[in-house]
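# Geometric and topological summary
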Amino acid sequence: MDLMDKLKILVDAAKYDVACTSSGLDRTGQPGSVGSAVACGICHTFSADGRCVSLLKVLQSNACAYDCRYCVNRRSHDTPRATFSPRELAELTMAFYRRNYIEGLFLSSAVTGTPDETCERMIQTLRLLREEYRFGGYIHAKAIPGADARLITQLGLLCDRMSVNIELPSQRSLEQLAPDKSPRSILAPMGQITGQIAQNRTDLVRYRHAPRFAPAGQSTQMIVGATPDTDYQILRLTAGLYQKYRLKRVFFSAYLPVVEDRALPALNTKPPLLREHRLYQADWLLRFYGFDAEELLDEAHPNFDPLLDPKCNWALRHMDQFPVEVNRAPYELLLRVPGIGVRSARRILKARRASSLDFSSLKKLGVVLKRAQYFITCRGRGNGVPITQETAFRALVSQRMQAALPNCQQLSLFDPPETLTGEDVRACLTGQM
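Quick caveat, the model's predicted, so the values are computed rather than measured.

### As for the overall build of the chain
Counting its regular elements, the chain contains 16 helices and eight strands. Counting all 433 residues of the chain, 49% fall into the buried class. Partitioning the intrachain contacts of the chain with sequence separation of at least 6 by distance along the chain shows that 66% fall at a separation of at least 24. As presented, the chain carries roughly 21,300 Å² of accessible surface, and 50% of it is formed by carbon and sulfur atoms.

Right under this line is the structure:
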């Protein structure tokens, strides 16, 4: 098998791993080295169809010893297999970089042989890049659960970011769909990486030339829709991971049926893209808006409403906290108003020091008034709309209907309004109509 055939197979096999994003790291080029890393703009992959993007996102091998039932690379699945040698992958990465195809590398691998053997092969590849080819660009490496702690350490000293994918959000789901994995084998390297990142920061203060361990941090990925786990379970786990392991990001991947199995959704099942989107919105609220998972969902409401984003849904269930007077409300409360983001909240704080704000001022500051007007007052007055839960709900849902309904069906001018029910709207917006 020639190098391009391997590339097509292993790039295609890597597309299901979404746990890569911008590097979050600035590193200027050094004399005698090749490449640099920039905090923004390093994302995406190099696809098999020849499109030039920023990261070469590839597997070292897809010949997996595990039999995870959801995975296209599982041992029992009939798929073409290929494996890069460390030298082949290092030379390929450098060739792509010199042609300006990429700025960095996202390296993962199926478990070939044992976790230790797989990790050693990845280390050899990165060592060639860093030490022989003097490559100073961004490298994201996926740690192999079950690998020896010393190998994880070596891998972390060669890459910029590491990820350990949880994949499934509960132990029961893991036992059912990935019997070769265990929560301990996943969480142990995650804890080790967290500890070594924290220790490394202390060492860098003490010793200027201390080696840097995964300076761009750690991330993980969860599959959404392959198991019956609720959004509440996924969000609670997400919040716990941020708190305990100080992750940079938790990524959510809508399950795409690629293998047929009794324990999985049918092959004709559509990926739950709206659900994935809602989880990303909630993740943003956890990281930047001061929300807790238990505020957004609970056992009585275990899944997000497809009609409303999580922030609007929370606000409608807590109308006792509204309306908010924008000229007096603290920053933390402004962040909870639908239509007010982090930047616009900061602009409000700065602008109201100089003068009292009205609705026209808020619009200039970037506030989305079509949502915010139902939850705020300016100088003690509203924007001429009733501030009630029913009014806000109807308005927020109608805004979404106007964008979504034209793509769902053609309405007759002679049909009575009653022919379109609430269930029709919900089905349309969730892609089931």
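Continuing now.
### Focus on the pattern of salt bridges
Taken as a whole, this structure holds 13 salt bridges when the rule is applied. Two residues, E132 and R87, come together in a salt bridge whose shortest N-O distance is 2.7 Å. Here E132, found in helix 3 (residues 115-132), pairs with R87, found in helix 2 (residues 86-98); they are 45 residues apart in sequence, far enough to count as distant. Residue R87 is classed as partly exposed on the basis of its relative accessible area, which comes to 34%. Measuring nitrogen to oxygen at the nearest pair gives 3.4 Å for the salt bridge that ties E294 to R236. Residue E294 is located in helix 9 (residues 293-296), and its partner R236 is located in helix 7 (residues 231-245); the two are separated by 58 residues in the primary sequence. Linked through salt bridges whose partners overlap, the residues forming this network are R69, R74 and D261.

### Overview of the packing of helix 2 against helix 3
Close contact between helix 2 and helix 3 brings their axes to 8 Å; oriented N to C, the two are set at 45 degrees. Looking at the two axes, helix 2 sits oblique to helix 3. Here helix 2 and helix 3 pass one another in a crossing that is right-handed. Here P86, R87, L89, A90, T93 and M94 of helix 2 come into contact with helix 3, specifically with R121, Q124, T125, L128, L129 and E132. When the residues that make up the contact of helix 2 with helix 3 are grouped by side-chain class, the tally is six nonpolar, three polar and three charged.

### As for helix 3
In a regular helix each residue adds 1.5 Å, so 18 residues correspond to 26 Å; helix 3 covers 25 Å between its end C-alpha atoms and thus fits that length. Those residues of helix 3 that fall on the buried side of the exposure criterion are P115, T118, C119, M122, I123, T125, L126, L128, L129 and R130. Looking at the buried side of helix 3, the elements it contacts are helix 2, strand 2 (104-108), strand 3 (138-142) and helix 4 (149-158). At the C-terminal side of helix 3, R134 shows a positive phi close to 55 degrees.

### Comments concerning the pairing of strand 3
Of all five residues in strand 3, five are buried; the element is thus mostly enclosed. Along strand 3, one buried face is formed by Y138, H140 and K142 and the opposite face, lined by I139 and A141, is buried too. Sheet topology note: the strand 2/strand 3 ladder contains four bridges and is parallel. By the bridge assignment, L105 is partnered in strand 3 with I139. Pairing geometry for strand 3 and strand 4 (residues 161-163), over three bridges, is parallel. Bridge assignment links K142 to a residue of strand 4, and that residue is S163.

### Concerning the sheet that holds strand 2
Spatially, the six strands line up as an open sheet ordered 1-2-3-4-5-6, and their pairing is parallel. The strands lining the two open edges of the sheet, one partner per strand, are strand 1 (55-59) and strand 6 (249-254). Taken over all neighbouring pairs, the strand axes of this sheet differ in orientation by 20 degrees on average, direction set aside. Bridge analysis of strand 4 against strand 5 (residues 218-224) gives two bridges, and the strand direction is parallel. By the bridge assignment, S163 is partnered in strand 5 with S219. Set on the sheet, helix 8 (residues 273-288) makes contact with strand 5 and strand 6; between it and strand 6 the angle comes to about 170 degrees.

### Here we look at the side chain of D309
As for its placement among the helices and strands, D309 is situated in the loop between helix 9 and helix 10 (310-317). It is R371 that comes nearest to the buried, bridge-free D309 among opposite-charge side chains, at 4.6 Å. Among the polar contacts made by the side chain of D309, one reaches the main-chain amide nitrogen of K311 at a distance of 3.0 Å.

Thresholds applied
Residues numbered from 1 in each chain as written. Predicted model: local features only at pLDDT ≥ 70, side-chain atom pairs only at ≥ 80, totals over all residues. Heavy atoms only, no water. Helix = DSSP H or I, 4+ residues; strand = E, 2+ residues; numbered from the N terminus. Buried < 20%, exposed > 50% of the residue type's maximum accessible area, 1.4 Å probe, protein only. Contact = heavy atoms within 4.5 Å. Areas by Shrake-Rupley, 256 points an atom, 1.4 Å probe, with all protein chains shown as cover. Salt bridge = Lys/Arg side-chain N within 4 Å of Asp/Glu carboxyl O. Axes fitted to C-alpha atoms, helices over the stretch in contact; angles between N-to-C directions. Parallel < 35°, antiparallel > 145°, perpendicular 65-115°, else oblique. Left-handed = near helix turned anticlockwise from the far one by under 90°. Nonpolar A, V, L, I, M, F, W, Y, C, P; charged D, E, K, R; others polar. Expected span 1.5 Å × (residues − 1). Pairing = 2+ DSSP bridges. Lys, Arg positive; Asp, Glu negative; His and termini not counted. Polar contact = N/O pair within 3.5 Å; in protein donor to acceptor, adjacent residues only side chain to side chain.

That is the geometry; function is a separate question.
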